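Structural description and commentary
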Amino acid sequence: MPEIAIRMTKRNHNAFVHLLGALESQGFDLNELLITKDFREILNARPKVVLYSFFTEEIWGPLREEVRLLKERGALLVAGGYHAIAMPKHTLNVLGFDIAVIGEGEEVTYQLLTTLKRTGYRITPELTKVKGLAFYLDGEFVFTGFAKVEDFWRFPPYPESVRLISPMEISRGCPFRCYYCQTPYIKGFRMRHRPIDQIVKYSRRMKDMRYITPNAFAYGSPGAILKLNKLEALLKALQPLRKEGRRLFYGTFPSEVRPEFVLPETLELLIDYADNRRLAIGAQSGDDAMLKAMHRLHTVEHVQRAVEYMIEYGFEPVVDFIVSLPNETPESQRKSIELMKWIMRKGGKVRVHYFMPLPGTPWARCKPSPLSEEMKKFLGRMAAKGKIEGSWGVQIDISRRLQKLIEEFYEEPIGYHGRVVSLC
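To keep things clear, this report deals only with the structure shown in the data block. (Residues numbered from 1 in each chain as written. Predicted model: local features only at pLDDT ≥ 70, side-chain atom pairs only at ≥ 80, totals over all residues. Heavy atoms only, no water.)

1. Observations concerning the layout of surface pockets
Using the following cut-off: Here a cavity is any set of points on a 1 Å grid over the protein atoms alone where a 1.4 Å probe fits but cannot get out, and a pocket is any open set with protein on both sides within 12 Å along at least 5 of 7 lines; a residue lines the site when it has an atom within 4 Å of a point. Grid points are joined across faces, edges and corners, and a volume is the space filled by probe spheres set on the points. By definition, any uninterrupted DSSP run of H or I lasting at least four residues is a helix, any uninterrupted run of E lasting at least two residues is a strand, and each is numbered from the N terminus. Each residue gets one of three labels, nonpolar for Ala, Val, Leu, Ile, Met, Phe, Trp, Tyr, Cys and Pro, charged for Asp, Glu, Lys and Arg, and polar for the others, Gly among them.
What the second largest pocket holds in volume is close to 160 Å³. Along its surface, the second largest pocket is lined by Ile85, Ala86, Pro88, Lys89, Ile102, Phe141, Phe143, Glu411, Glu412, Pro413 and Ile414. Sorting the residues of the lining of the second largest pocket by element identifies helix 4 (82-86), helix 5 (88-93) and strand 7 (140-143) as the ones contributing at least two each. Of the residues belonging to the lining of the second largest pocket, the class tally is 8 nonpolar, no polar and 3 charged.

2. Topic: the packing of aromatic side chains
Aromatic ring pairs are reported here in terms of the distance separating the ring centres and the angle at which the planes meet. Our working rule: Two rings belonging to Phe, Tyr or Trp (six-membered ring only in the last case) form a pair when the distance between their centres is within 6.5 Å. Interplanar angles under 30 degrees mark stacking, angles over 60 mark edge-to-face geometry, and anything in between is tilted.
Scanning all chains against the criterion turns up 11 aromatic pairs. Taking 5.6 Å as the distance between ring centres and 20 degrees as the angle between the ring planes, the aromatic pair formed by Phe55 and Tyr82 counts as stacked. Of this pair, Phe55 sits in the loop between strand 3 (49-53) and helix 3 (63-72) while Tyr82 sits in helix 4, and the two are 27 residues apart along the sequence. Taken together, the aromatic side chains of Tyr52, Phe54 and Phe97 make up a single cluster linked through ring pairs.

3. Quick look at the sheet that holds strand 4 (residues 76-80)
Spelled out, the test is: When DSSP finds two or more bridges between two strands, those strands count as paired. To define axes, lines are fitted to C-alpha atoms, for helices over the stretch in contact only, and angles between the resulting N-to-C directions are given on a 0 to 180 degree scale.
The strand order across the open sheet built from 7 strands is 2-1-3-4-5-6-7, with neighbouring strands paired in mixed fashion. At either end of the open sheet lies a strand with only one pairing partner, and these are strand 2 (33-36) and strand 7. Within this sheet the neighbouring strands show an average axis-to-axis angle of 20 degrees, counted without direction. Alignment of strand 4 against strand 5 (residues 99-101), held across 2 bridges, turns out to be parallel.

4. Notes on the environment of Leu95
Cut-off, in case you're wondering: In this scheme, a residue with accessible area under 20% of its type's maximum is buried, one over 50% is exposed, and one in between is partly exposed, where area comes from a 1.4 Å probe on protein chains only. In what follows, residue pairs with any heavy atoms lying within 4.5 Å of each other are defined as contacts.
Checked against the element boundaries, Leu95 lands in the loop between helix 5 and strand 5. Since its relative accessible area comes to 4%, Leu95 is described here as buried. Expressed as a C-alpha distance, the spacing of Leu95 and Ala79, which sit 16 residues apart in the sequence, is 9.8 Å. Not counting chain neighbours up to four residues away, the residues in contact with Leu95 comprise Phe54, Ile59, Leu63, Arg64, Val67, His83 and His90.

5. Re the pattern of salt bridges
Oppositely charged side chains can pair when the atoms bearing their charge come close. So the rule is basically this: The working definition used for a salt bridge is a side-chain nitrogen of Lys or Arg within 4 Å of a carboxyl oxygen of Asp or Glu.
Under the criterion given, the structure shown has 34 salt bridges. Residues Glu104 and Arg172 are paired through a salt bridge, measuring 3.0 Å at the closest nitrogen-oxygen approach. Remark: Arg172 occurs in strand 9 (residues 171-172) and Glu104 occurs in the loop between strand 5 and helix 6 (105-118); sequence separation between them is 68 residues. By relative accessible area, Glu104 is classed as buried at 3%. Here Lys129 makes a salt bridge to Glu126, at a shortest N to O gap of 3.0 Å. On the accessibility criterion, Glu126 (27% relative accessible area) is partly exposed. When salt bridges that share partners are traced, they join Glu104, Glu106, Glu169, Arg172 and Arg192 into one network.

Okay, structure coming up:
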């Protein structure tokens, strides 16, 4: 039976598919792994090591019971993902994991697994030589540094020996540093991109070609500017695959675009080269003061202009908002309501999210502002009519849990560029 298991879930599927491609390309034999979404299969196999990856909001699900059952059987548990990176001591001391992977996982996971195999699947001083880990050694907390993979494209997005597929990560990092978002602080402030030839090569495995990127229209640039020639070169290179019957979805799920990048020239590229006629953008607020406060670095005017361009060119705008932002006033919420109404009148869709203080961000310790009576009535009325999408009701409960968690167990996180300073 395999000595190492990968605990796949619906939410960590994409991350593990990419990680398995990286492991295999460094010479790790994937036949040595039990890769499954069936927890009972892992339990019955009694592996020596089990790898997890999860978001903070998942810690209130079945995770803790799974950890308890595996620890009873003597398994060494390794956690990666956003929660482990932002809250490694909580991951070890409270959740019960033995090792937390801190940073980008392609190289550190390979080094960790090969070291564990060599040392009998125990925590030994050998692990101190592996950058990107947190663990306890002889009762002392050890942090070996933040693991960075500048040239993530050195690793293929998919494994060859295991038939697994996911949307492909083509860009990593974000320069805008929105205070509520984990991506820039964990993935870095500069966008890096997978080369076009690789994207084309691996896109052949997808029936519907979809990509993971924080800003799809910034392909080929450091992230804050549009390089139209690079974007067009990518979309053009994918056309032979469309002719073979694949569909290309770009700038929509599971990625989005920033509103100031939505221009006639970028929309014309999608008309010529892509199949989607929906485009997802983040507005987040209808108040310029709030946009400035959260470090969005765009304005309400950018959002309105993007929506008007999309309607003009035949695209359905899908626009995201966050409500109950820190220090958001009833007047700010009224401005968001007005912008939402305007978008819906134009023919766009609105998705609403409730502010959740995420570990590892500058706003991790911030409290959501109360929903105004006007906003409550508006959201209820629009949801009943099916005019607004989103899970803000569920997110209110998650937000409360996150606030309590951070009050009890806050850790000053180390990100891609060092210490992440709290702004609350």
